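# Working through the structure, step by step
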Amino acid sequence: MVPRDVRLFQGHPELTPNQEGAIHLSLAENHGFRLEDSYLPLSTNHRSSSVNGTWGPDGVTFFIIQGLASLGQEKMILFVILLLGYMIILGGNSMIIFVALTDSKLNSPMFFFLYNLSFVDIIYTTTTIPKMLSGLLADTNTISVMGCFLQMYFVIQLGITSRAILTVMAYDRYVAICNPLRYNAIMTLPVRLLLIAGAWSFGAFCNLPATSMSFQRSYCGPNVVKHGWCDPSSVRRLVCGDVTVDNIVSLSCAVVALLTTGVLILTSYVLIGVSVSKMGVAQRLKAFGTCAAHLTVVSISYSSASCVYISYRVGNFPPQVRIIVSVLYAALTPFLNPMIYSLKNKELRESIMRTLSRFRPAAVLPTKDINTVNTVS
């Protein structure tokens, strides 16, 4: 129930949406209301407005990302953990990109795809984590409507693109193990560039229908997004009308993206398994070592995605748990990728060590001032 003095200011003709929102927030706090407990119309008087340019003076001009506002003082602990994790993600993936581009020994197609995956991981986490960090420091985490839709688009686009690149890497492992003599002839630079372009195009193809539909919808108050960022399903709950078609399209695109990449990865490893079964023990171990890092990353990625799906479908999960699970899903794979590939791949590990040794100060050996005097006894 919204207090009476809050309702008095709704739709006041002399107040801008931002002024009205500030008054609502202040009065709500005076009455002991919290943001996460009530859908206060912080920037709208419940009149719908279309996102595609038909803004009125009382339309939704920004969204409020609720995030983990109920944590209180514990938000600082989460801020420190999230900041350290983000710095490790940036440092680890940047190191992989740097050594793959500068070390001539890492010129195989596998490392080409790996540094492209690291690049996507950096952009993916940068799309969400910095905004979450700023929200943990502020009382109210706001984002413009255009900023919200851009964030929504890139989160889904980059998430699908990363899985598409993992699919391309599975194909690369298939060619390396099942057709090693023609590996370099098949995985030429034009083919690699075409595969990467295909991965980005696949992400755009799966993401564009649902995002464009959401962009065309009208949004009413409240404008509080109950998530850590502009998650499509959370933003869709704020639409004025029926979103059944939007949900079907969004689910269909997600199924296409996950099933297509999952089936192709599984097919690659089935063919690899058939080929490895015909090899000797030493060759089997070598083939397993070649695939171990990629297979580990794929397993973590799809397992974490399954956990997010379960948390959304199980009704007794509190919203805070869903948000934490989503944050872990978004950050876990980019966080672990550099560690997994560095531990499992000897060439990459040695390249990183060589790169780090270049930046170490050269050891200064002690010198002795020896005056050689030839004496004749």
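Residues numbered from 1 in each chain as written. Predicted model: local features only at pLDDT ≥ 70, side-chain atom pairs only at ≥ 80, totals over all residues. Heavy atoms only, no water.

### Comments concerning the packing of helix H3 (residues 75-102) against helix H11 (residues 319-344)
- As a packed pair, H3 and H11 sit with axes 8 Å apart at the nearest point and diverge in direction by 40 degrees. In this view, H3 runs oblique relative to H11, as classed from their interaxial angle. Handedness of the H3/H11 crossing: left-handed. Counted together, Leu-82, Gly-85, Ile-88, Ile-89, Gly-92, Asn-93 and Ile-96 of H3 and Val-327, Ala-331, Pro-334, Phe-335, Pro-338 and Met-339 of H11 form the full contact between these two elements.
- Classifying every residue of the contact of H3 with H11 gives 10 nonpolar, 3 polar and no charged. (Axes fitted to C-alpha atoms, helices over the stretch in contact; angles between N-to-C directions. Helix = DSSP H or I, 4+ residues; strand = E, 2+ residues; numbered from the N terminus. Parallel < 35°, antiparallel > 145°, perpendicular 65-115°, else oblique. Left-handed = near helix turned anticlockwise from the far one by under 90°. Contact = heavy atoms within 4.5 Å. Nonpolar A, V, L, I, M, F, W, Y, C, P; charged D, E, K, R; others polar.)

### So, the packing of aromatic side chains
- Under the definition given, this model contains 7 aromatic pairs.
- Measuring from ring centre to ring centre gives 5.5 Å for Phe-112 and Phe-113, while their planes differ by 70 degrees; the resulting arrangement is edge-to-face.
- Relative accessible area serves as the criterion here: at 10%, Phe-112 is assigned to the buried category.
- What makes Phe-113 buried here is its relative accessible area of 0%.
- Judged by centre distance (6.2 Å) and plane angle (35 degrees), the rings of Tyr-171 and Tyr-174 are tilted. (Phe/Tyr/Trp six-rings, centres within 6.5 Å; stacked < 30°, edge-to-face > 60°. Buried < 20%, exposed > 50% of the residue type's maximum accessible area, 1.4 Å probe, protein only.)

### Some remarks on the packing of H3 against helix H4 (residues 109-137)
- Here H3 crosses H4 at 160 degrees, and the two axes come no closer than 9 Å. It follows from the interaxial angle that H3 and H4 lie roughly antiparallel. Our pair here, H3 against H4, has a crossing hand that is left-handed.

### Brief notes about the sheet that holds strand E3 (residues 142-144)
- Strand order in the open sheet formed by 3 strands is E3-E2-E5, with mixed pairing between adjacent strands. What marks the edges here is a single partner per strand, and that holds for E3 and strand E5 (224-225).
- Against the sheet, helix H5 (residues 145-178) touches strand E2 (62-65) and E3, its axis set at about 90 degrees to E3. (Pairing = 2+ DSSP bridges.)

### Digging into the side chain of Ser-214
- Within the secondary structure, Ser-214 sits in helix H7 (residues 189-216).
- Once you skip the residues sitting within four places of it in the chain, Ser-214 turns out to touch Phe-149, Tyr-219, Arg-236 and Asp-246.

### A word on the nonpolar core
- In this structure, Met-169 and Leu-348 are the most contacted members of the largest nonpolar core, which totals 61 residues.
- For this core, the element with the most residues is H4, which contributes 14 residues.
- If sequence neighbours within four positions are ignored, Leu-348 has contacts with Ile-96, Val-99, Leu-106, Phe-111, Leu-114, Tyr-341 and Ser-342. (Core = buried A, V, L, I, M, F, W, Y, C linked by side-chain atoms within 4.5 Å.)

### Observations concerning the state of the cysteines
- Applying the stated rule across the entire model yields 1 disulfide.
- Free of any disulfide, Cys-206 has its nearest cysteine sulfur in Cys-253, 6.3 Å distant.
- Summary of cysteine pairing: Cys-291 is not part of a disulfide, and the nearest cysteine sulfur, belonging to Cys-178, is at 8.6 Å. (Disulfide = S-S within 2.5 Å.)

### Things to note about the environment of Thr-125
- Mapping Thr-125 onto the fold places it in helix H4.
- Overall, Thr-125 belongs to the buried group, its relative accessible area being 1%.
- It is 8.8 Å that separates the C-alpha atoms of Thr-125 and Leu-90, two residues lying 35 residues apart in sequence.
- Not counting the four nearest positions on each side in its chain, Thr-125 is found in contact with Tyr-86, Ile-89, Pro-130, Ala-330 and Pro-334.

### Some details on H3
- Taking 1.5 Å of rise per residue, 28 residues should cover 40 Å, and H3 covers 40 Å from first to last C-alpha, within 8% of that figure.
- Lys-75, Phe-79, Leu-82, Gly-85, Tyr-86, Ile-89, Gly-92, Asn-93, Ile-96, Ile-97, Val-99 and Ala-100 are the residues of H3 that are buried.
- On its buried face, H3 sits against H4, H11 and helix H12 (346-358). (Expected span 1.5 Å × (residues − 1).)

### Points about the confidence of the model for the protein chain
- Summary statistics for the protein chain give a mean pLDDT of 78 and a share of 77% for residues scoring 70 or more.
- Looking at the elements of the protein chain, mean pLDDT is at its lowest for strand E1 (residues 49-50), recorded as 44, and at its highest for H5, recorded as 92.
- Below a pLDDT of 50 lies the segment residues 1-58, which in the model reaches 106 contacts outside its immediate sequence neighbourhood of four places, other chains included. (pLDDT = per-residue confidence, 0-100.)

### Some details on the pattern of salt bridges
- Within this structure, the stated rule accounts for 3 salt bridges.
- Of the charged contacts in the structure, one is a salt bridge between Asp-172 and Arg-173, with a shortest N-O distance of 2.7 Å. (Salt bridge = Lys/Arg side-chain N within 4 Å of Asp/Glu carboxyl O.)

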